[in-house]
Amino acid sequence: MKLLNVYRSAPSDDTKKLVEIVSEGRDVESFDLNVESPDYSALLDKVFAADQTICWW
Amino acid sequence: MSKKVGFLLVNKEYTLDGIRSTLGLAVENMYSYAYVMNNELPDLSDYHKENIEWVRDMEGEVYSTVDANVENHGMVKITLEEIGKQLRDLEIIIPYGILRSDKS
Amino acid sequence: MAKSLGIFVTSPQNMRHVMGITKAAKAKGSKVKVFFSWYAVHLTKCPEFPALCELADDVSICVDSYKNAGYDPADIPKGLEAKKMATQSQHGEIIEDYECYLTL
């Protein structure tokens, strides 16, 4: 199971805890949207390769 | 096979609409769950109470980490860790709206 | 082969990401559907919204959210087809009919 965690803002402690539980034992990638110029093409390559994408707040 | 979806509702300004969206997917024949985290809801209108009841009638559920929501609105008590474990079984996870840093 | 992509927008803060991801997805040959709900309907007033409607294969909004946000449902956002002033069933379509799902 390939999981992609995308962050729209800096994760809170609760978000970090949920990510930890959901990600345990899975093949995990992450992507930070909370930057000045996100590489959307690179994001999509990861989305297409993942079985599930979660866009955290 | 019906998909399983979960709405994570952390912001008081978004929670009631998130429950409406939860119902919206329940009526689309999905298993739809709402998780109200760290925000206490005020008195609910009949419309919003019915939305919660309908989610339940359609084999979904509205959970909350907040005791007042459990006592006042009949939501099912859940911890953050339990939410995390449930999310592992869902196909679609929806961190809804925007995050608010305070825990009011 | 690029996969199809559905985007559920519930935050009013993410128009740059909606545009950026849709542009990049179309450049890869993806089919893209975007659905705006709750406070995200304010994004229909962004100058980029008509361009998004041109670019994406399907753009729709929740008409109940639009009304609740204080807009007149007869005032159809520029670029949007009248029949795309729709309901939460659009969210169900994104989940059922598109291969990849994003929440913004």
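This one's a predicted model, so the numbers in the text were calculated from it and none came from an experiment. All residue numbers refer to position in the chain's written sequence, counted from 1. Each chain gets a letter, beginning with A, and each ligand a number, beginning with 1, in the order they are written. Per-residue local features of the predicted model are confined to residues with pLDDT of at least 70, and side-chain atom pairs are confined, for both listing and counting, to 80 or more; whole-chain, interface and lining totals are unaffected and use all residues. Side-chain measures were taken over the full set of non-hydrogen atoms in the model, leaving aside hydrogen atoms and water.

Enquirer: Can you walk me through unusual backbone geometry in this structure?
Expert: Trans peptide bonds make up the majority, and among non-glycine residues the majority have a negative phi. Of note, Asn29 of chain B is a non-glycine position whose phi angle comes to about 70°, a positive value. Each helix is a run of H or I in the DSSP string that is no shorter than four residues. Each strand is a run of E no shorter than two, and both are numbered from the N terminus. By the secondary structure assignment, Asn29 of chain B is in the loop between α1 (12–26) and β2 (31–36). Even without being a glycine, Trp38 of chain C presents a positive backbone phi close to 50°. Within the fold, Trp38 of chain C resides in the loop between β2 (32–36) and α2 (49–55).

Enquirer: Help me understand the packing of aromatic side chains, please; the structure alone is not making it clear to me.
Expert: The description of an aromatic ring pair uses the distance of the two centres, along with the angle that the planes make with each other. By convention, a stacked pair of Phe, Tyr or Trp rings (six-membered ring in the case of Trp) has centres within 6.5 Å and planes under 30 degrees apart, an edge-to-face pair has planes over 60 apart, and any other such pair is tilted. Tallied over the full model, the rule gives 10 aromatic pairs over all chains. Each ring, one from Tyr35 of chain B and one from Tyr63 of chain B, has its centre 5.2 Å from the other, and the planes form 5°; the classification is stacked. Of this pair, Tyr35 of chain B sits in strand β2 while Tyr63 of chain B sits in strand β3 (residues 61–64), placing them 28 residues apart in sequence. Taken together, Phe7, Tyr14 and Tyr96 of chain B together with Phe8, Phe35, Trp38 and Tyr39 of chain C form an aromatic cluster joined through their ring pairs. The ring of Tyr71 of chain C carries the charged tip of Lys45 of chain C above its face, separated from the ring centre by 4.8 Å. Lysine and arginine charges are scored as sitting over a ring when NZ or CZ, respectively, is within 6 Å of the ring centre and within 35 degrees of the ring normal.

Enquirer: Please clarify how the interface of chain B and chain C should be interpreted in this entry.
Expert: Where the parts come together, the accessible area they lose is often given as the size of the interface. The contact criterion used throughout is that any non-hydrogen atoms of two residues lie within 4.5 Å. Opposite the 19 residues of chain B that make contact, chain C presents 19 residues. Here the buried area means the combined drop in accessible surface, using a 1.4 Å probe, for two parts upon being joined, counting both sides. Summed over both sides, the interface between chain B and chain C buries roughly 1500 Å², with carbon and sulfur atoms accounting for 59% of that surface. Note on definitions: salt bridges are taken to be side-chain nitrogens of Lys or Arg within 4 Å of carboxyl oxygens of Asp or Glu. In this assembly, chain B and chain C are joined by 2 salt bridges. Glu96 of chain C is paired through a salt bridge with Lys3 of chain B; the nearest N and O atoms lie 3.9 Å apart. Breaking the side of chain B that touches chain C down by element, the ones donating at least two residues are β1 (4–9), α1 and β5 (92–95) of chain B. Examining the composition of the side of chain B that touches chain C, we find that 7 residues originate from one element, α1 of chain B, more than from any other. In this count, Pro and Cys sit with the nonpolar residues alongside Ala, Val, Leu, Ile, Met, Phe, Trp and Tyr, while Asp, Glu, Lys and Arg are called charged and the others, Gly among them, polar. A class-by-class count of the residues in the side of chain B that touches chain C yields 11 nonpolar, 3 polar and 5 charged.

Enquirer: Where do I start with the sheet that holds strand β4 (residues 76–77) of chain B in this structure?
Expert: Where strands meet in a sheet, backbone hydrogen bonds hold them as pairs that are either parallel or antiparallel. Residues and elements named next belong to chain B. Taking strand neighbours across the sheet as the criterion, the 5 strands line up as β4-β3-β2-β1-β5 in an open arrangement whose pairing is parallel. Where the open sheet ends on each side, the last strands, each with one partner, are β4 and β5. Any two strands with at least two DSSP-identified bridges between them are counted as paired. Sheet topology note: the β1/β5 ladder contains 4 bridges and is parallel. Looking at β5, one finds that Gly6 is bridged to Ile93.

Enquirer: What exactly am I supposed to notice about the pattern of salt bridges here?
Expert: Where side chains of opposite charge bring their charged atoms close, a pairing between them can arise. Residue and element names in this part refer to chain C. Following the criterion strictly, the structure yields 14 salt bridges over all chains and no others. A salt bridge links Glu81 to Lys83; its shortest N-O distance comes to 3.7 Å. The network of salt bridges with common partners includes Lys33, Asp58, Lys84 and Glu93.

Enquirer: Could you clarify how one ought to interpret the sheet that holds strand β3 (residues 52–56) of chain A in this entry?
Expert: Residues and elements named next belong to chain A. Taken together, the 3 strands give an open sheet; going across it, the order is β2-β1-β3, and neighbouring strands pair in parallel fashion. If you trace the sheet from one side to the other, it starts and ends with β2 (27–32) and β3, each paired once. Neighbour-to-neighbour, the strand axes of the sheet open up by a mean angle of 20°, direction not taken into account. Two elements, strand β1 (residues 2–7) and β3, share 5 bridges in a ladder whose sense is parallel. Each bridged residue has a counterpart across the sheet, and for Leu3 the counterpart in β3 is Gln52. An axis is simply a line fitted to the C-alpha atoms; with a helix, the fit covers only the stretch in contact. Between two such axes, the angle follows the N-to-C directions and lies from 0 to 180 degrees. Strands in contact with helix α1 (residues 13–23) are β1, β2 and β3; relative to β1, the strand with the most contacts, it is inclined by about 170°.

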